[in-house]
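The primary structure of each chain is shown beneath.
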Amino acid sequence: MAYRIDMEALRRYQDDGLVTALSEAQQRRFEQTIESALDARSDAGGSSRLDETEERIFIVEDGDSLARIAEEHNVDFDELLDLNRREDLPNPNSIDPGDVVFVPTISPQEAATSARGADGVPLAEDDFARSLRERGNELEYADDPSAVDYDAEIGQLSSDITSYLESLPADERQAALQRFYDRDWTDAGPTQMAIEQAAKTTGIELEETSHAGPEAEAEAREIISDAEAVDDPDEALEMLENKYDAAPPAVQAALDRSSGARAIAEAAGADIIADAEAANDPAEALRQYESGYAEAPERVQDALDRSSEAQAIIDDAADWAAEPINDEIDDSERPAASMLETMQRLDTLTEGLSPELVAEVVDAMVPRIEESQQRLMDNGYAGYAIGPQGTTTLMTVLDRVAGTPTGDAAIQQLAEHALFDMNTLRASTLSSVSQGDAIPAYALAVATLDGMHGDFTEQIVSAVEQFGDHAIAGQAEDYAAHLDELSFLAVNGGAAMTEEQLETAITDYMQANPEWQAQLETLQGQLADSGVELLTQIQQLQSLPDDLRADHQARIDGLLDDSNSQLAVSTALQERPELVRGEAGDELIATFTELGITGDDNPLAMNLAGAYLRENVILPAADIDPSDLASLQDAHAQLDEALDNNPQFATLLGISSSDLNEISDLFHGLVPTHDSNFDPQRYSIDVARNLNNTLDKIDAIFRDTPFNRAFRTSAMAIVGSGLANAIQAYGEAPSLRNALQVALDSARVGVDGAQLVDSLLKPSEGSGATNALKLGGKFVHLLGAGLAGVDALARLSRGDVVGAGLNAAVAGGVGYSVFGTSSLAGPIGFAVATAATLGLFAWDGIRNVQHNNRFQTPTTAEFLSHAGFNEEAAQALSDQSGEGYSAVPLLMRYGELHGLEPEDTVEWINAIADDENGPVMLTALRDNLHNTLDKFDGDITQFDEHADGFELASPSLGESRSGTLTPRSAFELDAILPQLDIESPQAYA
């Protein structure tokens, strides 16, 4: 949206009417741009002078057009065209960022008689109010207040307001003046005084408003007077801030817009300016200034932002950096050398500074570089050649300002001046990007220039693809190889285990392999770093202009199509919670939806959804405390930010915005109401009712998708934390304990309510983290540890890889601080479940002839023993088929078809091995099943009660005992068992 500057190009008017000073660099640039625009208008037959009574100056930003500017500022389009008939704007439909546009002023009468909006208010009223604020702000912050006739100026403001009112129907004037009065006139106090004066003139009686009136202004002046009487500036500021904090909102508003309060802040900031000015060199001056600024109170920072002395420090630094290019040129080699020295000085100036301050310095450098370039061309040179080293140095500096509005604008300007060596820029960019570094900001700006024809952009996209195809692929290969044995054991042996048995088996495996565990964490860290880097690169590519990105969108979309990149990103979502917390999470969700990564059938969408809920709903819920009003307010605010009116998140989930808003409303209902007379029984009843309603709605919206469990867990985190903290605050009332246990059981999230409540209410052992938490925090850790990590592998063992992936993501970050060393949540459970979800091992990755029998080891037999297999059975079942499949899942499938639970099937298999000739017969049974697994490519779901077509009912003794049969169904396997002298499993059902 185009923004307005004043006629002298000294100030910028913000959307809210506040005024900020332009930097010296901006002033120079806009002065030249305005002068050129006026010359072009004069050449086209228009006026060469500005008439501030008839026109205003606006600076074009990306996406603007004359039609849009006319619409936004409620001016006649033809009148706008007349003011901008210029030689430099031959096509009114094409204007560029940085262009000057002259916009007609709008009179009070014109504003009042403009078209009406849906609410019946004139559309131009906002624009008129902005002009009132700008004028009031200029009076509030006049450079020389003694030269201003405030009575006359406020009187003119009042007259214009009165003119506006008189142009409205009489029955609308009261409401219109009240609307003006109810606006926030902070930093524009004279306008509020003019409104009050207009009310007296027109006889309109204004209702009370939250803004300051005469009494508040008087109290504010008294506070300022008391502070001004203190000699020490810091003590004066401290007094002002203390009295400000104790003052009512109306007085605070009066203080906020007071020039006296601003003067006190400026005095407190004088030492910061003085320390910087006393520095030995410009670089040290900038560091002194930034150090003081960072430690200063917000009021002082605001004063420094407006300070001409602070701007002078920045300008002095820019002058020093520009000295080499301002020297006289004495030979043809000098320009490139001079520019290199300037770039090196700029690097020295800005290293280690905040992006915002670096942006101000770079912005100040732009006009200095432009002026030196022009001098060179006036003297017959082509301009400065920056050279390879100068280019790489400038790229380094500009990466420090990327993402700041001032810095991004300066980067684009430098690119348009072609201040780069293209070969160096290309080589440096492609080399760094292919290794995972962020795309240099300068490269992105250069890619948008006319004449690049997308070639450079295509090369950048290729470099990102190379990063995924080589660096990430190699890391993923190492990661999957490291997990091969454990994943095989968990997927196959886990089919015969309870969750507790699987947990014990993995724990023993890790304790026997401490170096393996350390290496896993190292590999995960590398993958997480690469996932962050890849996401950064993708988001940078998505930020390119639409027309430029369109030609490459399909390739950008494909950057997350392969399993290696998905693993890196999933690991990053697990290991780097800052990616999904708050605004960063919202931005990432927006990127995923733009790329079409949505729905419950997409592992990345599920992992992001789980991680987002973890960081923005589940973990923050730990602070919900019915005895603490502030915690309840924070909980509502957190839910508002995460779920309310979040259409991008709804798209990621594959549901409507209205459905997500309904869930959000129900989650708000789960947050307890603060009551000084707390009634445990009443609270327990409310919890049960609200939770049941919420769970019913979650079931209705998500049905049996993996998102159901994630939202149930989120709801349970809110309810459980509230109940846990209520127990801590009000005592362990039976109704509260029972309510928590019942809530856990009714939530159906796979946690034993009684067991978790017992763990919650007894002291933690060896858990410093939870000892320092409220019970709500301990509850969240217990819930996450007892649910999602365990459930991920439990689902995985049943073949539900989709559900496993999401539940691993939900578990991430919650940790096992209560249960200590348990292995199913945190890095191990996440590693196995996520890698399996993405197909990096298990059914596809380890089933090929090259892996034949590589897991037929004592480790496999030992792992299987945790399922209850005796030594002979575990040894026999550690063998794999020719294609690398384990017979254990198929045996569990066979037992299930006969009505057996896994532990019953284990008992049946042990009984086989215990017979006199049992190990031999069990081996023969296993070999027959290996043939089945190889035929089915490991898909045990193809093994059912009966097979299609002819079924073998009378197998031969020799084939049965030699293990050469291929039973395709339970019926055929039933027929083989008698030939092996093995009793039917039916007896164990």
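Residues numbered from 1 in each chain as written. Predicted model: local features only at pLDDT ≥ 70, side-chain atom pairs only at ≥ 80, totals over all residues. Heavy atoms only, no water.

- Naming follows an unreviewed UniProt entry, where the protein chain appears as LysM domain-containing protein of Modicisalibacter muralis.

Looking at the overall build of the protein chain
And step 1. Across its full length, the protein chain carries 49 helices and 5 strands.
And step 2. Relative to its 989 residues, the protein chain shows a buried fraction of 53%.
And step 3. Put simply, of all contacts in the protein chain between residues at least 6 apart along the chain, 73% involve residues at least 24 apart.
And step 4. Surface summary for the protein chain: the accessible area is close to 41,800 Å², and the carbon and sulfur share equals 45%. (Helix = DSSP H or I, 4+ residues; strand = E, 2+ residues; numbered from the N terminus. Buried < 20%, exposed > 50% of the residue type's maximum accessible area, 1.4 Å probe, protein only. Contact = heavy atoms within 4.5 Å. Areas by Shrake-Rupley, 256 points an atom, 1.4 Å probe, with all protein chains shown as cover.)

Focus: the environment of Arg86
And step 1. Along the chain, Arg86 falls in the loop between α3 (77-83) and β5 (100-104).
And step 2. Separated by 41 residues in sequence, Arg86 and Gly45 have C-alpha atoms that sit 8.2 Å apart.
And step 3. Among the polar contacts listed, one links the side chain of Arg86 to the side chain of Asp88, at a separation of 3.0 Å. (Polar contact = N/O pair within 3.5 Å; in protein donor to acceptor, adjacent residues only side chain to side chain.)

What about helix α16 (residues 308-326)?
And step 1. Within α16, the axis deviates most sharply at Trp320, by approximately 30 degrees, and proline Pro324 lies no more than four positions further along.
And step 2. Among all positions of α16, only Ala310, Gln311, Ile313, Ile314, Asp315, Ala317, Ala318, Ala321, Ala322, Pro324 and Ile325 are buried. (Bend = angle between axes of the 7 residues up to and from the residue.)

Looking at the pairing of β5
Regular strands have side chains that alternate between both faces of the sheet.
And step 1. Across the 5 residues of β5, 5 count as buried, placing the element largely inside the fold.
And step 2. A two-sided burial pattern is seen for β5, the buried positions comprising Val100, Phe102 and Pro104 on one face and Val101 and Val103 on the other.
And step 3. Bridge count for strand β4 (residues 55-59) against β5 is 5 bridges, and the pairing is antiparallel. Bridging across to β5, Phe58 finds its partner in Val101. (Pairing = 2+ DSSP bridges.)

With respect to the pattern of salt bridges
Between side chains of opposite charge, pairing is possible as soon as their charged atoms come close.
And step 1. Evaluated as defined, the whole model comprises 33 salt bridges.
And step 2. When the shortest N-O distance is used, the salt bridge between Arg682 and Asp686 registers 3.1 Å. Taken as a pair, Arg682 and Asp686 lie in helix α34 (residues 680-702) at a separation of 4 residues, close to a single helical turn.
And step 3. Residues participating in the shared-partner salt-bridge network are Arg56, Asp127 and Arg130. (Salt bridge = Lys/Arg side-chain N within 4 Å of Asp/Glu carboxyl O.)

A word on the confidence of the model for the protein chain
And step 1. Across the protein chain, pLDDT averages 82, with 85% of residues at or above 70.
And step 2. Per-residue pLDDT stays below 50 along residues 765-772; that stretch engages in 9 contacts with residues further than four places along the chain or on separate chains.
And step 3. Across residues 836-854, confidence stays below pLDDT 50; counting only partners more than four residues off in sequence or on other chains, it has 55 contacts. (pLDDT = per-residue confidence, 0-100.)

Things to note about the packing of aromatic side chains
And step 1. One pass over the full model with this rule turns up 14 aromatic pairs.
And step 2. An angle of 70 degrees between the planes, with centres 5.4 Å apart, marks the rings of Tyr164 and Phe180 as edge-to-face. Here Tyr164 is found in helix α6 (residues 150-166), whereas its partner Phe180 is found in helix α7 (residues 173-182), with 16 residues between them in sequence.
And step 3. Pairing Phe702 with Phe707 gives two aromatic rings, centres 6.1 Å apart and planes at 65 degrees, and the pair type is edge-to-face. This pair shows no difference in class: Phe702 is buried, exactly as Phe707 is. (Phe/Tyr/Trp six-rings, centres within 6.5 Å; stacked < 30°, edge-to-face > 60°.)

A short note on a negative patch on the surface
And step 1. There is a patch of like negative charges on the surface, built from Glu8, Asp51, Glu52, Glu54, Asp76, Asp78, Glu79, Glu110 and Glu138.
And step 2. Position of Glu52 among the secondary structure elements: in the loop between α1 (24-43) and β4. (Patch = residues over 30% accessible without salt bridge, like charges linked within 9 Å, V, L, I, M, F, W, Y side chains within 5 Å. Lys, Arg positive; Asp, Glu negative; His and termini not counted. Charge placed at Lys NZ, Arg CZ, Asp CG, Glu CD.)

With respect to the nonpolar core
And step 1. Ranked by internal contacts, the top residues of the largest apolar core, which has 211 residues, are Tyr442, Phe649, Phe667, Phe869 and Leu925.
And step 2. No other element matches helix α23 (residues 455-492), which puts 13 residues into this core.
And step 3. In contact with Phe869, not counting residues within four places along its chain, are Ala496, Leu864, Ala874, Leu877, Met892, Val906, Ile909 and Asn910.
And step 4. Grouped together as the second largest cluster of nonpolar side chains are 25 residues, Ala129, Leu165, Phe180 and Trp185 included. (Core = buried A, V, L, I, M, F, W, Y, C linked by side-chain atoms within 4.5 Å.)

Some remarks on the environment of Glu356
And step 1. Topologically, Glu356 is positioned in helix α18 (residues 355-378).
And step 2. For Glu356, a relative accessible area of 51% corresponds to the exposed category.
And step 3. C-alpha separation for the pair Glu356 and Thr404, spaced 48 residues apart in sequence, amounts to 6.5 Å.

Regarding the packing of helix α14 (residues 282-295) against α16
And step 1. For the pair α14 and α16, the least separation of the axes is 9 Å and the interaxial angle reads 150 degrees. Taken together, α14 and α16 sit at an angle that is classed as roughly antiparallel. Of the two elements, α14 crosses α16, and the hand of that crossing is left-handed. Here Pro282, Ala285, Leu286 and Tyr289 of α14 lie close against α16, whose contacting residues are Ala310, Ile313, Ile314, Ala317 and Trp320.
And step 2. Classifying every residue of the contact of α14 with α16 by side-chain character gives 9 nonpolar, no polar and no charged. (Axes fitted to C-alpha atoms, helices over the stretch in contact; angles between N-to-C directions. Parallel < 35°, antiparallel > 145°, perpendicular 65-115°, else oblique. Left-handed = near helix turned anticlockwise from the far one by under 90°. Nonpolar A, V, L, I, M, F, W, Y, C, P; charged D, E, K, R; others polar.)

Quick look at the packing of helix α25 (residues 514-542) against helix α29 (residues 583-594)
And step 1. At a closest axis distance of 11 Å, the pairing of α25 and α29 adopts a crossing angle of 70 degrees. Classified by the interaxial angle, the pair formed by α25 and α29 is roughly perpendicular. Between α25 and α29 the crossing geometry is left-handed. Residues Leu535, Ile538, Gln539 and Gln542 of α25 form the contact with α29, whose participating residues are Glu587, Leu588, Thr591, Phe592 and Glu594.
And step 2. Across the contact of α25 with α29, the residue classes tally to 4 nonpolar, 3 polar and 2 charged.

Some remarks on the environment of Ala276
And step 1. Locating Ala276 in the fold gives a position in helix α13 (residues 270-277).
And step 2. Assessed through its relative accessible area of 2%, Ala276 is described here as buried.
And step 3. Separated by 10 residues in the primary sequence, Ala276 and Leu286 place their C-alpha atoms 6.7 Å from one another.
And step 4. The residues contacting Ala276, other than those within four sequence positions of it, are Ala285, Gln288, Tyr289 and Ile313.

Section: the side chain of Thr429
And step 1. Take Thr429: it is sitting in helix α21 (residues 422-434).
And step 2. Apart from the residues within four sequence positions on either side, Thr429 is in contact with Met395, Pro440, Ala443, Phe456 and Ile460.

Describing unusual backbone geometry
And step 1. In this model, Ala418 sits at a positive phi of 55 degrees, which is unusual for a non-glycine residue.
And step 2. Relative to the elements of secondary structure, Ala418 occurs in the loop between α20 (405-416) and α21.
And step 3. In this structure, Asp981 takes a positive phi of about 60 degrees despite not being glycine.
And step 4. Relative accessible area serves as the criterion here: at 56%, Asp981 is assigned to the exposed category.

Some thoughts on α21
And step 1. Given a rise of 1.5 Å per residue, 13 residues ought to cover 18 Å, and the 18 Å separating the end C-alpha atoms of α21 matches this to within 8%.
And step 2. For α21, the complete set of buried residues consists of Met422, Thr424, Leu425, Thr429, Ser432, Val433 and Ser434.
And step 3. Just beyond α21, the residue with positive phi is Gly436, at close to 105 degrees. (Expected span 1.5 Å × (residues − 1).)

Things to note about the side chain of Ser338
And step 1. Residue position: Ser338 is located in helix α17 (residues 334-350).
And step 2. The class of Ser338 is buried, set by a relative accessible area of 0%.
And step 3. At 3.5 Å, the side chain of Ser338 and the backbone oxygen of Pro324 are in polar contact.

Some details on the pairing of β4
And step 1. Burial of β4 is extensive: 5 of the 5 residues sit out of reach of the surface.
And step 2. Burial along β4 is two-sided: the residues Glu55, Ile57 and Ile59 and Arg56 and Phe58 are all buried.
And step 3. In the sheet, strand β1 (residues 3-5) pairs with β4 via 3 bridges, with the strands oriented antiparallel. Opposite Tyr3, over in β4, you have Ile59 as the bridge partner.

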